[in-house]
Amino acid sequence: MAGRGCRNNFLPRNFERILAQYGMPTRPTELLQHRCVNFIYPQTRREANWKFEQDGKSIDPGVDSYLRFDNSEVILEAVIQGAGVVQLPKFVAAKAIARGDLQPILQAYATQVGLPIAVLYPQKRYLSAKVRVCVEFMRELAAALKRDDVVD
């Protein structure tokens, strides 16, 4: 069982101020004119790359981050409060989208970021009850997340 936690780009609900200053991005390269909030990996202190794809062509706009955090919940709250534009996994942003706190942008472009989500367990004829219950729970969870368009 595996799935992909895809990433999308979002503006905060109260994006009128941002749009008045920077305009609505219609291409990934226009993100260079926006205040981007980015994730920074704690182990390496490197920023996450924002990569896109359209018609089989890879696009790396090389965004310059306005703010950087190593916690996706902090990033989410900063963007909801109007800090700028963000690229986050759908599963991180799902509740904020449902509440109307975030507005998806650049939906014509697929993002090339998203790590596989997988459950690994020994392939034995007889699994322990704990492993069997856990695997079944993860299958049901993955199916629900796919159904709700939270993961691909």
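The structure under discussion appears in the preceding block.
No experiment lies behind these values; they were computed from the predicted model shown.

Asker: Summarise the overall build of the chain; cite the residues concerned and give the values.
Answerer: Tallying secondary structure elements over the chain gives four helices and ten strands in all. Scanning the chain from its N terminus toward the C terminus, one meets helices and strands in the order β-β-α-β-β-β-β-α-β-α-β-β-β-α. Each of the 152 residues in the chain was classed as buried or not, and the buried ones make up 36%. The contacts in the chain between residues at least 6 apart in sequence include a share of 71% that link residues at least 24 apart.

Asker: Explain the packing of aromatic side chains residue by residue, including any values.
Answerer: Applying the stated criterion to the full structure yields two aromatic pairs. Aromatic side chains Phe39 and Tyr41 sit 5.2 Å apart centroid to centroid with 80 degrees between the ring planes, which places their arrangement in the edge-to-face category. The class for Tyr41 is partly exposed, based on a relative accessible area of 37%. With a centroid separation of 6.5 Å and 80 degrees between ring planes, the pair formed by Phe52 and Tyr109 is classed as edge-to-face.

Asker: Give me the lowdown on the sheet that holds strand β9 (residues 110–111), citing residues and values where you can.
Answerer: Judged by pairing direction, the sheet is antiparallel, and its three strands sit side by side in the order β5-β4-β9 without closing on themselves. A single partner strand is all that each edge strand has here, and the edge strands are β5 (57–59) and β9. Bridge count for strand β4 (residues 52–54) against β9 is two bridges, and the pairing is antiparallel. Within the sheet, the bridge partner assigned to Phe52 lies in β9 and is Thr111.

Asker: Describe in detail the nonpolar core, supporting the description with residues and values.
Answerer: Core analysis: the largest hydrophobic core is formed by 13 residues, its most contacted members being Ile75, Leu76, Val79, Leu88 and Leu102. When contributions to this core are tallied by element, the ones reaching two or more residues are α2 (72–80), β7 (85–89) and α3 (90–99). Ranked by residues supplied to this core, first place goes to α2 with five residues. Formed by nine residues, the second largest nonpolar core is a distinct cluster that contains Trp50, Phe52, Ile105 and Tyr109.

Asker: Now, about the pattern of salt bridges: what can you tell me, with residues and values included?
Answerer: One pass over the structure, following the stated rule, counts five salt bridges. Across the pair Glu30 and Arg27 runs a salt bridge, and its minimum N-O distance is 3.6 Å. Residue classification places Glu30 among the buried positions, given a relative accessible area of 16%. Residue Glu136 is joined to Arg139 by a salt bridge in which the shortest nitrogen-to-oxygen separation is 4.0 Å. Separated by three residues within a single helix, Glu136 and Arg139 lie in helix α4 (residues 129–147), roughly one turn from each other.

Asker: So, the pairing of strand β3 (residues 36–39): which residues are in play, and what are the values?
Answerer: With four bridges joining them, β3 and strand β6 (residues 65–69) adopt parallel strand pairing. Opposite Cys36, over in β6, you have Ser65 as the bridge partner. Where β3 and β7 come together, two bridges link them in parallel fashion. Across the sheet, residue Cys36 finds its bridge partner in β7, namely Val85.

Asker: Describe α2, with residues and values.
Answerer: Among the residues of α2, Ile75, Leu76, Ala78, Val79 and Ile80 are the ones counted as buried. Sitting at the head of α2, Asn71 places a side-chain oxygen 2.8 Å from the backbone nitrogen of Glu73. Just past α2, the residue Gly82 takes up positive phi, approximately 100 degrees.

Procedures and definitions
Sequence order sets the numbering: in each chain, residues are counted from 1 along the sequence as written. Two thresholds apply to this predicted model, a pLDDT of at least 70 for residue-level local features and 80 or more for giving and counting side-chain atom pairs, whereas whole-chain, interface and lining totals are computed over all residues. Only heavy atoms go into the side-chain values, all of them from the structure, while hydrogens and water stay out. Here a strand is any run of E in DSSP of at least two residues, a helix any run of H or I of at least four, and the numbering for each starts at the N terminus. Exposure categories follow from relative accessible area, calculated using a 1.4 Å probe and restricted to protein chains: below 20% of the type maximum is buried, above 50% is exposed, and the middle band is partly exposed. In this analysis, two residues are considered to be in contact whenever any of their non-hydrogen atoms come within 4.5 Å of each other. Pairing of aromatic side chains requires ring centres within 6.5 Å, counting the rings of Phe and Tyr and the six-membered ring of Trp. Pairs whose planes differ by under 30 degrees are stacked, by over 60 edge-to-face, and all others tilted. Two strands qualify as a pair provided that DSSP identifies no fewer than 2 bridges between them. For the purposes of this section, nonpolar cores are sets of buried Ala, Val, Leu, Ile, Met, Phe, Trp, Tyr and Cys residues that join through side-chain atoms within 4.5 Å. The salt bridge criterion pairs a side-chain nitrogen of Lys or Arg with a carboxyl oxygen of Asp or Glu, the two atoms within 4 Å. Polar contact is the term for a pair of N or O atoms within 3.5 Å; when the atoms are in protein, one must be able to donate a hydrogen and the other to accept it, and sequence-neighboring residues count only if both atoms are side-chain atoms.

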